[in-house]
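Examining the three-dimensional arrangement
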Amino acid sequence: MTTRIRIAAPVDVDAIFAIVNSAAQAYRGVIPADRWHEPYMPREELDREIADGVEFWVAEDGGKIHGVMGIQDRGDVALVRHAYVSPGLQRGGIGTMLLRHVLALTAKPVLIGTWADATWAIDFYRRNGFTLVAEAEKNVLLREYWSIPARQVATSVVLADERFDRTR
Ligand SMILES: CC(C)(COP(=O)(O)OP(=O)(O)OC[C@H]1O[C@@H](n2cnc3c(N)ncnc32)[C@H](O)[C@@H]1OP(=O)(O)O)[C@@H](O)C(=O)NCCC(=O)NCCS
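Let us look at the structure shown here. (Residues numbered from 1 in each chain as written. Predicted model: local features only at pLDDT ≥ 70, side-chain atom pairs only at ≥ 80, totals over all residues. Heavy atoms only, no water.)

1. Comments concerning the packing of aromatic side chains
Scanning the entire structure with this criterion turns up six aromatic pairs. Arranged with centres 6.3 Å apart and planes meeting at 75 degrees, the rings of Tyr27 and Tyr84 form a pair that is edge-to-face. Residue Tyr27 is located in the loop between helix 1 (13–23) and helix 2 (43–51), and its partner Tyr84 is located in strand 4 (residues 78–85); the two are separated by 57 residues in the primary sequence. Summarising the burial analysis for this pair, Tyr27 and Tyr84 share the class buried. Between Phe124 and Tyr125, the ring centres sit 4.9 Å apart and the planes meet at 65 degrees, which makes this aromatic pair edge-to-face. The class for Tyr125 is buried, based on a relative accessible area of 6%. Here the aromatic cluster, defined as three or more aromatic residues joined through ring pairs, consists of Tyr27, Trp36, Tyr40, Tyr84 and Trp120. (Phe/Tyr/Trp six-rings, centres within 6.5 Å; stacked < 30°, edge-to-face > 60°. Helix = DSSP H or I, 4+ residues; strand = E, 2+ residues; numbered from the N terminus. Buried < 20%, exposed > 50% of the residue type's maximum accessible area, 1.4 Å probe, protein only.)

2. A few points about the sheet that holds strand 3 (residues 64–73)
Reading across the sheet, the seven strands line up as 1-2-3-4-5-7-6 and stay open at both edges, with mixed pairing between neighbours. The open sheet has two edge strands with one neighbour each: strand 1 (4–7) and strand 6 (131–132). The sheet strands contacting helix 3 (residues 94–103) are strand 1, strand 2 (55–61), strand 3, strand 4 and strand 5 (110–115), and the helix crosses strand 3 at an angle near 35 degrees. Against the sheet, helix 5 (residues 135–145) engages strand 4, strand 5 and strand 7 (156–160), with an angle of about 90 degrees to strand 7. (Pairing = 2+ DSSP bridges. Contact = heavy atoms within 4.5 Å. Axes fitted to C-alpha atoms, helices over the stretch in contact; angles between N-to-C directions.)

3. Side note on the pattern of salt bridges
Enumeration according to the criterion identifies ten salt bridges in this entry. Arg6 is the partner of Glu60 in a salt bridge, and the nearest nitrogen-oxygen pair spans 2.9 Å. Of this pair, Glu60 sits in strand 2 while Arg6 is found in strand 1, placing the two residues 54 residues apart along the sequence. Here Glu60 and Arg6 have matching classes, each one buried. (Salt bridge = Lys/Arg side-chain N within 4 Å of Asp/Glu carboxyl O.)

Shown next as structure tokens:
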């Protein structure tokens, strides 16, 4: 079987919901306890994210979805949002395929926010050419481009690709 990347259709939302919440088990006991809840991303939140312009792409093999990644246009920049690969298939290159695909969809600088404690995710983005932005700037960026609570700002990091102007 070969993995192919395609844009998500409305019928895929159940599968996206399932992958996000099974892969997000990686956060349990790692991210701050007050930020963990189950399911990690309630269905209403996923629906709201899609309504707010997160465009999901899926990695599919033999008709089964194994990974998902969203991209959201935020004006000056694009955000990579909600990157998740099925737990049994992680570290097999699916995340990299999805990331390369969504990066090629935009000419804008791309930013990614993740939990400061999710060291594997930070490694994943670094090996794909992203670098961490400085603490003071990440607080500004998270408030400017994301809609997340203050506590999540404090416990998150932002990575940027080479298109992002660090002198702005
Ligand atoms: C992060 C994630 C999307 C990456 O997708 P993937 O298909 O596993 O990644 P790839 O196989 O393309 O790349 C693998 C690299 O990512 C990093 N990585 C991914 N999972 C890792 C893990 N569990 N432990 C350590 N490093 C990991 C490593 O750098 C790894 O390279 P290596 O195997 O040579 O050490 C996926 O692992 C995942 O869903 N993780 C749980 C949820 C999550 O953290 N999502 C990120 C939200 S911002």
